[in-house]
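Survey of secondary and tertiary structure
Now for the letters of each chain:
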Amino acid sequence: MLRVSDQPVLLTSRPRRLRRTAALRALVQETALRPERFVFPMFVRSGRGVREPIPSLPGHGRLSVDEAVREAESVVTLGIPSILLFGLPDTKDAVGTGAYDDHGVVQQAVRALRAALPDLVIITDVCLCEYTSHGHCGVVRDGAVDNDATLELLARTAASHAAAGADIVAPSAMMDGQVGALRRALDGAGMSQTAILSYSAKYASAFYGPFRDAAGSAPQFGDRRGYQMDTANAREAEHEIALDLAEGADAVMVKPALACLDVISRVRRAVAVPLAAYNVSGEYALVKAAAARGWVDERAAVLEILTAIARAGADIIVTYHAKEAASWLAQR
Ligand code: PBG
């Protein structure tokens, strides 16, 4: 028969001492989530009074500019200071004209948001894939994305976003030299105060599926492995980030977040600039789908995921859960 001894065991260290009460646990907590560090992604489209639900991104919709302003007001009310804008143009073409149209949907949204919410931090995604008929992130020549021909179009896109009032432009096309091209275009147009957050280490990920549903931006042929990074590579992320910093990036990003916690942690050690991580659409959808079936406790799962991303070293977290997470944090 098993006998449990009542003799005290002498241990030099008992980590449980500091886990005994909620106040002790709070005292020694290493990572705190702050809504000030969240960025809320939004999709804008044409029209008025439109909130078109996105089935694979429950709770998110394709919003007309007036609805985007209302949504941003609720974001700010929750203590989240910044949004990331994606545009859904009415028509697409081979060269993504809608991206750099001064009257394009993102440019209109930026002007309206800037007027309604002067303190809102407006970040715009700079890429062509939402605007091209073939769904690739740049100009296609001979069946491949032409890097250098794409740079000029990305630079024009960023300059038009900045002219509309964006605080930060975020190039996500993974073209070589894109940060330098944007910096030169911005400075040349007198917009030296517009910051660049580069999607420096952006992997060719299976977790962008719901985003591509939302934007109708899945590549019509091939895939993005000719420009986005291979999941197997971590050293290469440091190389990409070093290049972007040399070209003038103010802040850098690792994407996706949950599948790249090691990369976030590694980059955090390597650079001093602010580091963002993008908790992408597929990562959001997994949690939403499981929560809808009662298979995970959504609130606990989301806060655990966001805390893990912050613990890995991200300063800024882009997440579709931002509003829910901010309201849960305010309650506890
Ligand atoms: C544009 C872009 C994408 C995402 C952000 N910017 C799509 C892609 O690369 O296919 C994905 C974001 C998400 O999945 O939440 N290139």
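Scroll up to find the structure.
Quick look at the structure, then. (Residues numbered from 1 in each chain as written. Predicted model: local features only at pLDDT ≥ 70, side-chain atom pairs only at ≥ 80, totals over all residues. Heavy atoms only, no water.)

Overview of the site of the ligand
By nearness alone, 20 residues border the ligand, and Lys202, Arg212, Lys255, Ser281 and Tyr320 come closest of all. In this structure, Asp125 approaches the ligand through a side-chain N or O atom, which is 3.3 Å from a nitrogen atom. The side chain of Lys202 places a nitrogen or oxygen atom 2.7 Å from an oxygen atom of the ligand. Burial of the ligand by the surrounding chains reaches 100%, relative to a free accessible area of 400 Å². Every element with two or more residues in the shell around the ligand is listed here: strand S9 (195-202) and helix H6 (209-215). (Near = heavy atom within 4 Å. Polar contact = N/O pair within 3.5 Å; in protein donor to acceptor, adjacent residues only side chain to side chain. Areas by Shrake-Rupley, 256 points an atom, 1.4 Å probe, with all protein chains shown as cover. Helix = DSSP H or I, 4+ residues; strand = E, 2+ residues; numbered from the N terminus.)

Some points on a positive patch on the surface
There is a patch of like positive charges on the surface, built from Arg14, Arg16, Arg17 and Arg19. Given the relative accessible area of 52%, Arg19 is considered exposed. (Patch = residues over 30% accessible without salt bridge, like charges linked within 9 Å, V, L, I, M, F, W, Y side chains within 5 Å. Salt bridge = Lys/Arg side-chain N within 4 Å of Asp/Glu carboxyl O. Lys, Arg positive; Asp, Glu negative; His and termini not counted. Charge placed at Lys NZ, Arg CZ, Asp CG, Glu CD. Buried < 20%, exposed > 50% of the residue type's maximum accessible area, 1.4 Å probe, protein only.)

Quick notes on the packing of helix H4 (residues 147-164) against helix H5 (residues 178-188)
The relative placement of two packed helices comes down to the angle between their axes together with the axis-to-axis distance. Between H4 and H5, the least distance of the axes is 8 Å, while the angle of their chain directions is 45°. Classed by the angle they form, the pair H4 and H5 counts as oblique. For H4 against H5, the interelement crossing comes out right-handed. Here Leu151, Leu154, Ala155, Ala158, Ala159 and Ala162 of H4 come into contact with H5, specifically with Gln178, Ala181, Leu182, Ala185 and Leu186. Here the contact of H4 with H5 is built from residues that sort into ten nonpolar, one polar and no charged. (Axes fitted to C-alpha atoms, helices over the stretch in contact; angles between N-to-C directions. Parallel < 35°, antiparallel > 145°, perpendicular 65-115°, else oblique. Left-handed = near helix turned anticlockwise from the far one by under 90°. Contact = heavy atoms within 4.5 Å. Nonpolar A, V, L, I, M, F, W, Y, C, P; charged D, E, K, R; others polar.)

A few points about the pairing of strand S3 (residues 61-64)
Both strand S1 (residues 38-45) and S3 contribute to a ladder of three bridges, which runs parallel. Within S3, the position partnered with Val44 by the bridge is Leu63. Bridge count for strand S2 (residues 51-53) against S3 is three bridges, and the pairing is antiparallel. In the sheet register, Glu52 faces S3, and the bridge partner there is Arg62. (Pairing = 2+ DSSP bridges.)

Thoughts on the packing of aromatic side chains
Per the counting criterion, the structure on display carries seven aromatic pairs. For the pair Phe43 and Phe211, a centre-to-centre distance of 5.5 Å together with 55° between the ring planes defines the contact as tilted. Residue Phe43 is found in strand S1, and its partner Phe211 is found in helix H6; the two are separated by 168 residues along the sequence. An identical accessibility class is assigned to Phe43 and Phe211; each is buried. Considering the side-chain rings of Tyr199 and Tyr278, the 6.2 Å spacing of their centres and the 40° angle between planes classify their relative orientation as tilted. With Tyr199 in strand S9 and Tyr278 in strand S11 (residues 275-279), this pair connects stretches of sequence that are 79 residues apart. Overall, Tyr199 belongs to the buried group, its relative accessible area being 1%. Joined through ring pairs, the aromatic side chains of Phe43, Phe86, Tyr199, Phe211, Tyr278, Tyr284 and Tyr320 make up one cluster. The aromatic ring of Tyr208 is capped on one face by Lys202, whose charged end is 5.7 Å from the ring centroid. (Phe/Tyr/Trp six-rings, centres within 6.5 Å; stacked < 30°, edge-to-face > 60°. Lys NZ or Arg CZ within 6 Å of the ring centre and 35° of its normal.)

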